[in-house]
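So the chains spell out like this:
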Amino acid sequence: MRNLYNKYTLSLADNANADIKNVLKDLGVLQYFSCTDISDDIKISKPDCKFFQYYLDKLSTEPIETIFIGDRLDNDIIPAKVLGIRTIWFKNGIYGILEPKSQSEMSDVIIENAFEILNAVDYIESSSVYAL
């Protein structure tokens, strides 16, 4: 988290209730997020594209400048891609068995370990396909 925080603006964007903030605070990672609004706060939930647009607007960023990391293809990756947000699919847990139905549902990068996140973000940033 510290490495990402030192390089990027981080936002917590989760379909969760307020308890998640206490958990992340207890783990010592809530401090790394500049925006800690969650679905319980904003009354919009994933996969609604308005959920993702809320964060783009709040952080004053464009989709191409944004990378969304999610563990669900259906709730996270597909709606983020609809808006043009670059994506990292953290393919693990019970939702890791899902498979894209088309190229448009493919994440930019797929990882299976949290230690791969920084390299995945760096890869997306350096990709000529996404040159700003």
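In this text the structure is predicted, and so the values were computed from the model without any measurement.

A. Molecular detail of the overall build of the protein chain. Per the secondary structure count, the protein chain includes six helices and three strands. Residue burial in the protein chain is summarised as follows: out of 132 residues, 39% are buried. Across the protein chain, contacts joining residues at least 24 apart in sequence account for 43% of those joining residues at least 6 apart. Here the protein chain has roughly 7900 Å² of accessible surface; of this, 51% comes from carbon and sulfur atoms. If the 13 positive side-chain charges of the protein chain are averaged to one point and the 20 negative ones to another, these points end up 2 Å apart.

B. Molecular detail of the packing of aromatic side chains. As enumerated under the stated definition, the model contains five aromatic pairs in all. Between Phe51 and Phe52 the ring centres are 5.4 Å apart and the planes differ by 80°, which places this aromatic pair in the edge-to-face class. The same class applies to Phe51 as to Phe52, namely buried. Taken together, the ring pairs in this structure connect Phe51, Phe52, Tyr54, Tyr55 and Phe68 into an aromatic cluster.

C. Spotlight on the pattern of salt bridges. The tally for this structure, following the rule as stated, stands at six salt bridges. Between Lys21 and Asp41 there is a salt bridge whose closest N-O contact spans 2.6 Å. Highlighted residues: Lys21 in helix H2 (residues 19–26) and Asp41 in helix H3 (residues 39–42), separated in sequence by 20 residues. Among the residues examined, Asp41 registers a relative accessible area of 37% and is labelled partly exposed.

D. Focus on the nonpolar core. Judged by nonpolar contacts, the single largest core of 19 residues is most densely connected at Leu4, Leu10, Leu12, Ile88, Val109, Ile111 and Val121. Listed by contribution, the elements that provide at least two residues to this core are strand S2 (86–90), strand S3 (109–111) and helix H6 (117–126). Ignoring anything within four residues of it in the chain, the contact list for Ile111 reads Ile88, Trp89, Phe90, Lys91, Glu116, Ile117 and Ala120. Residues Phe51, Leu56, Phe68 and Ile85 belong to the second largest nonpolar core, which totals ten residues.

E. Representation of the environment of Leu118. Within the secondary structure, Leu118 is located in helix H6. Residue classification places Leu118 among the partly exposed residues on the basis of a relative accessible area of 25%. Beyond its immediate stretch of four places on either side in the chain, Leu118 contacts Asn3, Leu4 and Tyr8.

Cut-offs applied
Residue numbering note: each chain is counted from 1, following its sequence as written. Two thresholds apply to this predicted model, a pLDDT of at least 70 for residue-level local features and 80 or more for giving and counting side-chain atom pairs, whereas whole-chain, interface and lining totals are computed over all residues. Hydrogens and waters are ignored; side-chain quantities use all the structure's heavy atoms. Each helix is a run of DSSP H or I of at least 4 residues and each strand a run of E of at least 2, with the numbering of both proceeding from the N terminus. The classification of residues rests on relative accessible area computed with a 1.4 Å probe and restricted to protein chains. Under 20% of the type maximum is buried, over 50% is exposed, and intermediate values are partly exposed. Here a residue-residue contact requires only that any non-hydrogen atoms of the pair lie within 4.5 Å. For the area figures, the Shrake-Rupley method with a 1.4 Å probe applies, and any residue is considered shielded solely by the protein chains shown. By the counting scheme adopted, Arg and Lys are positive, Glu and Asp are negative, and His together with the chain ends is not counted. Where a charge lies is defined by one atom per residue type: Lys uses NZ, Arg uses CZ, Asp uses CG and Glu uses CD. Between rings of Phe, Tyr and Trp, where Trp is taken as its six-membered ring, a pair exists when centres lie within 6.5 Å; planes separated by under 30 degrees are stacked, by over 60 edge-to-face, and by other angles tilted. What counts as a salt bridge is simple: a side-chain nitrogen of Lys or Arg found within 4 Å of a carboxyl oxygen of Asp or Glu. The criterion is simple. A nonpolar core is a set of buried Ala, Val, Leu, Ile, Met, Phe, Trp, Tyr and Cys residues joined through side-chain atoms within 4.5 Å.

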